[in-house]
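Each chain, written out:
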Amino acid sequence: MFKFKSFRSRLTVTFLLTILLVMLFVGFFLDQLLERYYINSLQDNLIRSGKLAGEFVAGHLQEEVDPVRLSWLAENFGRLSNARVIFVDRKGLVIGDSVRVGGLLGQLLDREEVAAAFVGEAGISIQYSELSKQRVMQVALPIQEEGGEPVGAIFLSASLQEIDRIMADIRRFLLLTTLLAAGVTGIGAIFLARYFTGPLELLTEAAGSMAEGNLEQRIEVKSVDEIGRLADRFNLMAAKLNFYTKNLQNFVANVAHELRTPLTSLSLLIKSLNDYEMEPEQQQEFLNDLDREMDRLITLVRDLLELTTLEGGEAHREQIALEELVRDLLKQVAPRFERQDIRLLSDLPTGTVPVFGSQFQLRQVLHNLLDNSLKHTSPGGWVKVSLRVEEEIAEMKIEDTGCGIPEKDLPFIFERFFRIDRARSREMGGTGLGLAIVKETIEAHGGKVWAESKEGEGSAFYFTLPLVQENVNIN
Ligand code: ADP
């Protein structure tokens with residue numbers, strides 16, 4: 001019935017064995033205690049009755065012994081103490097016996113208890129009587145005048161049948177209670193074990209189902225104990241796994257979609273070049289288009305690789321002077337801004353702003369942000385890069401007087417492949433991954449990124465990076 005492989009049966013059997021052991025232990029001691037109590041009280045009773053009878057007959061033994069009278073006295077004392085009473089003289093001869101017919105009158109009572117009584121002690125024993133087929137207690141006491149030598153002895157013999165019967169009743173009762181307690185705790189233990197292991201089984205089932213691909217799996221456990229907390233964690237883990245898997249599926253679908261467009265264009269262009277006779281100028285135009293689509297593909301693959309590297313966290317990191325990196329990059333991109341008649345302004349501290357990270361990735365972040373500002377700002381506008389230091393962080397701001405971002409789109413712009421105007425973005429060579437790369441890079445560097453914008457007025461992109469604490473030297 002019990003499979004010891006399961007936690008439930010192990011728990012049930014442990015409960016059961018514990019309760020059985022405790023009950024047996026308690027039962028054994030109770031049994032011993034009660035038996036001793038009953039035997040002691042019978043013994044006290046016999047000694048008290050014996051002493052009383054002894055004192056009573058002591059005077060008679062000085063005079064001439066009258067066996068009939070002594071037997072009559074023995075009978076009466078015997079009735080009072082519920083025992084057989086025998087009087088013996090100094091030689092050990094029976095001079096009075098409560099058993100009149102078939103008694104021991106006139107015979108020698110050669111017993112150890114009597115011998116003990118003759119030296120002034122109480123002789124006590126418990127024996128099994130073959131004759132009456134029961135246990136008996138025998139007590140012999142000296143009969144003596146106050147302070148004198150023993151002149152005889154009184155011998156009392158009482159049956160332990162009543163005590164044995166009570167003890168048998170008590171043992172039966174203890175056995176029954178033990179069985180009842182074992183039964184009740186057994187059933188209780190089964191329910192308790194079910195209460196404990198039920199949620200664990202649910203968890204096992206849910207985990208198995210998840211392993212088979214059912215990521216929507218959740219378990220309902222109402223308890224607030226350790227098992228409840230385990231279930232909560234499991235649900236949280238399942239939800240996260242589901243979220244990441246869906247994200248990954250989305251990402252793969254998006255990548256496929258993004259790749260399909262340039263690949264379709266490429267395929268069409270190549271087919272056209274192959275299938276139709278063209279003028280050299282027209283051919284050149286097709287080749288230019290081919291080149292542009294190839295560039296797009298390369299950019300997309302580069303951005304995708306960039307994101308994968310971010311996830312893998314493989315980049316080489318070192319201490320970087322952030323203001324220097326910005327200055328360097330601004331110098332590099334300035335001609336492009338100039339060409340589009342956009343003023344490139346900066347507000348950088350003269351001291352060092354040390355941060356820890358990947359030079360290449362942080363350059364990429366700034367490049368993406370500046371590139372976006374450039375793409376979305378019209379000639380005559382400006383773009384400003386500011387860097388400031390606040391306590392333990394460096395805060396970078398890239399603002400522009402560009403077209404701005406609609407309020408409803410602002411919360412989504414850092415998502416992978418999100419673009420406000422898909423066609424326009426593609427036209428400008430965007431992949432929809434630029435800001436996702438910015439966000440993931442900055443977060444991987446322990447910073448935060450956010451944007452503020454007003455449609456038609458401009459945008460401001462912010463990011464922070466933790467400063468390297470030693471040698472901060474800001475003017
Ligand atoms: P893309 O490759 O399309 O530029 P990004 O992830 O860099 O993708 O940007 C997401 C979208 O956010 C862009 O499609 C663009 O519409 C908008 N955006 C980003 N930067 C700016 C900016 N400085 N001004 C206005 N819109 C911007």
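As shown above, the structure is provided for reference.
Now for a description of the structure that goes with this document. (Residues numbered from 1 in each chain as written. Predicted model: local features only at pLDDT ≥ 70, side-chain atom pairs only at ≥ 80, totals over all residues. Heavy atoms only, no water.)

## Here we look at the overall build of the chain
Then comes step 1: Across its full length, the chain holds 10 helices and 12 strands.
Then comes step 2: Relative to the compact-globule value of 23 Å for 475 residues, the chain shows a C-alpha radius of gyration of 53 Å, a clear excess of over 25%.
Then comes step 3: For the chain, buried positions account for 39% of its 475 residues.
Then comes step 4: Relative to all contacts within the chain whose residues are 6 or more apart in sequence, the contacts with residues 24 or more apart total 65%.
Then comes step 5: Surface summary for the chain: the accessible area is close to 28500 Å², and the carbon and sulfur share equals 57%. (Helix = DSSP H or I, 4+ residues; strand = E, 2+ residues; numbered from the N terminus. Rg over C-alpha atoms; globule rule 2.2 N^0.38 Å. Buried < 20%, exposed > 50% of the residue type's maximum accessible area, 1.4 Å probe, protein only. Contact = heavy atoms within 4.5 Å. Areas by Shrake-Rupley, 256 points an atom, 1.4 Å probe, with all protein chains shown as cover.)

## A look at the pattern of salt bridges
Then comes step 1: For the coordinates displayed, the defined rule picks out 25 salt bridges.
Then comes step 2: For the salt bridge of D169 with R172, the shortest nitrogen-to-oxygen distance reads 2.6 Å. Taken together, the positions of D169 and R172, both in helix α4 (residues 161-211) and 3 residues apart, correspond to about one turn of that helix. (Salt bridge = Lys/Arg side-chain N within 4 Å of Asp/Glu carboxyl O.)

## Section: the sheet that holds strand β2 (residues 94-97)
Then comes step 1: Taken in spatial order, the 5 strands make up an open sheet running β2-β1-β5-β4-β3, and their pairing is antiparallel. One side of each edge strand has no neighbouring strand; the edge strands of this open sheet are β2 and β3 (123-129). Put simply, the sheet's adjacent strands are angled 20° from each other on average, direction ignored.
Then comes step 2: Where strand β4 (residues 134-144) and strand β5 (residues 150-159) come together, 9 bridges link them in antiparallel fashion. Looking across to β5, one finds that Q144 is bridged to P150.
Then comes step 3: In the packing of helix α1 (residues 7-62) onto the sheet, the strands contacted are β1 (84-89), β2, β3, β4 and β5, and the crossing angle to β4 comes to about 35°. (Pairing = 2+ DSSP bridges. Axes fitted to C-alpha atoms, helices over the stretch in contact; angles between N-to-C directions.)

## As for the sheet that holds strand β11 (residues 449-454)
By definition, the strands of a sheet pair up through backbone hydrogen bonds, in either a parallel or an antiparallel sense.
Then comes step 1: Strand order in this open sheet of 5 strands is β7-β9-β10-β12-β11, and the pairing throughout is mixed. Of all strands in the sheet, those with a lone pairing partner are β7 (343-347) and β11, marking the two edges. Each adjacent strand pair in this sheet contributes to an overall mean axis angle of 15°, direction not counted.
Then comes step 2: Pairing of β11 with strand β12 (residues 458-466), which is carried by 6 bridges, proceeds in the antiparallel orientation. Bridge assignment links W450 to a residue of β12, and that residue is Y462.

## A few points about the pairing of strand β10 (residues 393-400)
Then comes step 1: In terms of residue burial, β10 counts as a mostly covered element, since 6 of its 8 residues are buried.
Then comes step 2: Relative to β10, strand β9 (residues 382-390) runs antiparallel, the two being bridged by 8 bridges. The residue of β10 that forms the bridge with V383 is D400.
Then comes step 3: Linking β9 back to β10 in an antiparallel pair, the connection comprises 2 residues, with E391 at a positive phi of about 45°.
Then comes step 4: As defined by bridge partners, β10 adjoins β12 across 8 bridges and the pair is classed as antiparallel. Paired with M396 across the strands is F463, a residue of β12.

## What to know about the nonpolar core
Then comes step 1: Residues L322, L370, M396, I398 and F463 are the most contacted members of the largest nonpolar core, which totals 36 residues.
Then comes step 2: Mapped onto this core, the elements with two or more residues apiece are α7 (322-339), α8 (359-376), β9, β10, α10 (434-444), β11 and β12.
Then comes step 3: Element by element, the count of residues in this core is highest for α7, at 7 residues.
Then comes step 4: If near-sequence neighbours (up to four positions away) are discounted, M396 is found in contact with L322, V326, L366, V385, S386, L387, F461, Y462 and F463.
Then comes step 5: With 28 residues, the next largest nonpolar core counts I47, A83, V85 and F87 among its residues. (Core = buried A, V, L, I, M, F, W, Y, C linked by side-chain atoms within 4.5 Å.)

## Focus: the environment of R165
Then comes step 1: On the secondary structure map, R165 appears in helix α4.
Then comes step 2: Residues R165 and V353, spaced 188 residues apart in sequence, show a C-alpha to C-alpha distance of 98 Å.

## Thoughts on the site of the ligand
Then comes step 1: Residues in contact with the ligand amount to 21 residues; listed here are only the nearest, N372, S425, T431, G432 and L435.
Then comes step 2: Here D400 contributes a side-chain N or O atom positioned 2.9 Å from a nitrogen atom of the ligand.
Then comes step 3: The contact in question runs from an oxygen atom of the ligand to an N or O atom on the backbone of G434, over 3.4 Å.
Then comes step 4: Calculation on the ligand without its partners gives an accessible area of 530 Å², and the protein chains cover 96% of this total.
Then comes step 5: For the shell around the ligand, the secondary-structure elements that each account for two or more residues are α8, α10 and β12.
Then comes step 6: Ranked by the residues each element gives to the shell around the ligand, the list is headed by α8, at 4 residues. (Near = heavy atom within 4 Å. Polar contact = N/O pair within 3.5 Å; in protein donor to acceptor, adjacent residues only side chain to side chain.)

## So, unusual backbone geometry
Then comes step 1: Positive phi, normally seen in glycine, also occurs at N82, with a value near 60°.
Then comes step 2: Structurally, N82 can be placed in the loop between α2 (67-81) and β1.
Then comes step 3: Relative accessible area serves as the criterion here: at 66%, N82 is assigned to the exposed category.
Then comes step 4: Unlike most non-glycine residues, F417 shows phi in positive territory, near 70°.

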